[in-house]
Structure formats: structure tokens, C-alpha cells
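Structural description and commentary
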Amino acid sequence: MVGYLRTSALRSGSSGNSILVSSDQSSVLIDTGITGKGLACALKDLDESPDKLKGILITHEHCDHISGLGVILRRYKIPLFINKDTLKAAMPSLGKFDPDLIRVIYPEEKIQIDDLEIMAFPVSHDAAAPVGYTISSERGSVGICTDLGYTDERVYKALAGSKLCYLEANYDQELLKLGSYPLRLKERIASHHGHLSNDESGLACIRLLEQGTEKIILSHLSLENNFPHLALLTVNDALTNAGAKEGLDYQLTAARRFDVSEPQEI
Ligand SMILES: [Zn+2]
Ligand SMILES: [Zn+2]
């Protein structure tokens, strides 16, 4: 088998989210919660040419996912793959850009961007029409699944066989309960339209391993209600208790918040 499928989180968390997935021929950016300058530096750090960027995929319109979108569309003129409701909700914050860049996509429809096959799948989150993505090449498939209140069968079906998955581990239940957030915000985060806790993420990881995932990157960790070592410990414990062995059955890492994470390949 030739070529590679490589990925790196450029930013991860409520301050901004953006993930790059690239083959030797082309690359796509999932979410643009990063400044234009931040993206340029990240691509340089990763030795990835901006000319390889063939599409931007958006999960949902929350500002930590689209804050750089307008600038990046104007600067790089890359096609924007987005569903109708998310586009409508995002439009007011994008400023002017070439409307010919818009490609409307639909959940569970497979689309081809160069050598990459993309599929969006719906998730439960308090946004217009939030989705996760799978990005596949002949090397296999990468799944991206953050900003969701719970994992349902649609999610597992979409992620089945993805060798590498970005999975949200947003908060520790105790830290959220004891923390300073207003009660309403705590309830929103813990609801079915909020985010996954470390415990929920651990349970989801057991299922992902059962269906073929080998590498998991915990993502979108809360700054206030989580710590990377705590998220890793909680999920590792869940997987160990389920009989899986780290290093043998799976690799587990956490995406960096403010910086480019170590690239991973499948
Ligand atoms: Zn988010
Ligand atoms: Zn969100």
C-alpha cells in the first residue's frame, strides 16, 4: 500500500478547534477555530503546503469552530463543505467571501475530495445541524467526533472501522459539579446536547476499540473542568477494566489546546 493518511490537531478545546487530515496528494481542514496566521504557522510547522488544502469541512457554527473561517476563505480560496443549516447559522459571522466556494453537503452522503472520501454524520449538540466526519483514503479512515452530548448508534455506525478517532473528553463530572460555572451552563454541558464527560468518553472508547479503532486522540478538553492527565487516566482505566492493553490494543493521547499536536499516521 502506498501513500499515507496523516492527521494533526492544530487547536483543540473551547478556545478553538481545527484538525488537519492529509494524504500525500491532498489535505482537508476540519473546522477553523484558528486565526489565519495560526493556520499558516501550523502548516509550516507540519511541513504541509497550503496548495494541498482542497477543502474546509465544518462541524457546526459555534465560534470555537469557525472563528477563523471568513479570513481563511478569503486568504486561501478553498471550497467550503458545509450543510445548509450550519451555513445559515454561520453566515452572519463570516464577512464577505466568494459564494462559489460553498459546497452544500448532506449527512451520510459520501463525497470525494481528490483522493479523500468524506462523510458527515449527525451528532447531538446545541447547534443548528451539528455533525462529525469520517475522512478515508486507501490507508483507512480517520473519525472526528467532538461536541456531542451523547454517543448514539448513528455515531458508532459512522465511526465503525475508523483506525484513528478524535473523540471528545470534555469534562470531569466532579470538577464540573464543584466548579465556578453558573448552574444553567453546567446543566447545558452535561445534557444530551452538550459535551461528553471523561467517563462517557471512556465507555465510548471501549466500543470504538471493539469496532476496529486503534488510535484515540482525546479532544476538546475543558480548561476549567478537566486536565489532560485526568482525561487520559479516566479513559485508560475504563479501557483497562474492559480488558484492553495500552500499546498493544490501543494508543491513547490527548490533543493540545493552544498548539499543534504531534502528527499521527494510519
Ligand atoms: Zn466546541
Ligand atoms: Zn459546540
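Higher on the page you've got the structure.
Presented here is an overview of the structure given in this document.

Structural notes on the sheet that holds strand β13 (residues 251-254)
With mixed pairing, seven strands are arranged side by side in an open sheet as β7-β8-β9-β10-β11-β12-β13. For this open sheet the edge positions go to β7 (110-113) and β13, each flanked by a neighbour on one side alone. The mean inter-strand angle of the sheet, taken between neighbouring strand axes irrespective of direction, is 20°. Each of β11 (164-168) and β12 (215-219) is contacted by helix α8 (residues 198-210), which is oriented at about 160° to β11, the strand it contacts most. Across the face of the sheet, helix α9 (residues 228-241) comes into contact with β12 and β13 while running at roughly 155° to β13.

Let's talk about the coordination of the zinc ion (ligand 2)
Those protein atoms acting as donors to the zinc ion (ligand 2) are His60 (NE2), His62 (ND1), His125 (NE2) and Asp147 (OD), and they sit at 2.2 to 2.5 Å. One way to put it: the four donor atoms around the zinc ion (ligand 2) meet at angles of 89 to 171°, and that makes the site irregular. Along the chain, the residues donating to the zinc ion (ligand 2) are arranged with the sequence spacing H-x1-H-x62-H-x21-D.

With respect to the environment of Asn225
Mapped onto the elements, Asn225 comes out in the loop between β12 and α9. Put simply, Asn225 and Val142 are 83 residues apart on the chain and 27 Å apart in space, counted from C-alpha to C-alpha. Residues within four places of Asn225 in sequence aside, it is in contact with Asn170, Tyr171, Asp172, Leu175, Leu176, Tyr181 and Ile189.

A short note on the sheet that holds strand β1 (residues 5-11)
Ordered by their spatial adjacency, seven strands build an open sheet running β6-β5-β4-β3-β2-β1-β14, and the pairing between neighbours is mixed. Edge positions in the open sheet fall to β6 (102-104) and β14 (264-265), since each of these has one partner strand only. Two strands pair when backbone bridges link them, and strand β5 (residues 80-82) and β6 are joined in this way by three bridges, in the parallel orientation. Note that in β6 the partner of Ile82 across the bridge is Val104. With respect to the sheet, helix α1 (residues 36-45) is in contact with β1, β2 (18-23), β3 (27-30) and β4 (53-57), its orientation differing from that of β1 by roughly 140°.

Side note on the coordination of the zinc ion (ligand 1)
Around the zinc ion (ligand 1), the donor atoms from the protein are Asp64 (OD), His65 (NE2), Asp147 (OD) and His220 (NE2), and they sit 2.1 to 2.2 Å away. Of note, the zinc ion (ligand 1) draws all its donor residues from one chain, in the sequence arrangement D-H-x81-D-x72-H. A distance of 3.4 Å spans the gap from the zinc ion (ligand 1) to the zinc ion (ligand 2), which Asp147 bridges by coordinating each metal. With Asp64 in helix α2 (residues 63-66) and Asp147 in the loop between β10 (140-145) and α5 (153-159), the pair connects residues that are 83 residues apart, well separated along the chain. The exposure classification of Asp64 matches that of Asp147, with both residues buried.

Here we look at the nonpolar core
Judged by nonpolar contacts, the single largest core of 26 residues is most densely connected at Phe121, Leu167 and Leu218. Those elements that provide at least two residues to this core are β8 (116-122), α5, β11, α8, β12 and α9. Leu167 has contacts with Cys145, Leu196, Ser201, Ala204, Cys205, Leu208, Ile216, Ile217, Leu218 and Ser219, leaving out every residue within four places of it along the chain.

Looking at the packing of aromatic side chains
With the rule as written, the count across this model stands at zero aromatic pairs. Arg207 extends its terminal NZ or CZ atom over the ring of Tyr156, reaching a point 4.3 Å from the ring centre.

With respect to the pairing of β3
Residue alternation in β3 divides its side chains into two sets, Ser27 and Leu29 and Val28 and Ile30, and both sets are buried. Across four bridges, the pairing between β2 and β3 is antiparallel. Paired with Ser22 across the bridge in β3 is Ser27. Turn length for the β2-β3 hairpin, with the two strands adjacent in sequence and antiparallel, is three residues. Looking at chain direction, β3 and β4 are connected through four bridges and run parallel. Bridge pairing links Val28 to Gly55 in β4. Tracing the backbone out of β3, into α1 and back to the parallel element β4 gives a crossover that is right-handed.

A word on the packing of α1 against helix α3 (residues 69-76)
Axes are the key here: two packed helices are described by the angle between their axes and the distance separating the axes. Packing of α1 against α3 brings their axes to within 9 Å, and their N-to-C directions diverge by 60°. Put simply, α1 runs oblique to α3. The segment α1 lies against α3, with Gly36, Lys37, Leu39, Ala40 and Leu43 engaging Val71, Ile72, Arg75 and Tyr76. Partitioned by chemical class, the residues of the contact of α1 with α3 number six nonpolar, one polar and two charged.

About the criteria used
- Residues numbered from 1 in each chain as written.
- Chains lettered and ligands numbered in written order.
- Predicted model: local features only at pLDDT ≥ 70, side-chain atom pairs only at ≥ 80, totals over all residues.
- Heavy atoms only, no water.
- Pairing = 2+ DSSP bridges.
- Helix = DSSP H or I, 4+ residues; strand = E, 2+ residues; numbered from the N terminus.
- Axes fitted to C-alpha atoms, helices over the stretch in contact; angles between N-to-C directions.
- Contact = heavy atoms within 4.5 Å.
- Donors = N, O, S within 2.8 Å, 3.2 Å for Na, K, Ca; no water.
- Tetrahedral: all angles 85-135°; square planar, octahedral: opposite > 155°, others 65-115°.
- Buried < 20%, exposed > 50% of the residue type's maximum accessible area, 1.4 Å probe, protein only.
- Core = buried A, V, L, I, M, F, W, Y, C linked by side-chain atoms within 4.5 Å.
- Phe/Tyr/Trp six-rings, centres within 6.5 Å; stacked < 30°, edge-to-face > 60°.
- Lys NZ or Arg CZ within 6 Å of the ring centre and 35° of its normal.
- Right-handed = clockwise from strand over helix to strand, strands pointing away.
- Parallel < 35°, antiparallel > 145°, perpendicular 65-115°, else oblique.
- Nonpolar A, V, L, I, M, F, W, Y, C, P; charged D, E, K, R; others polar.

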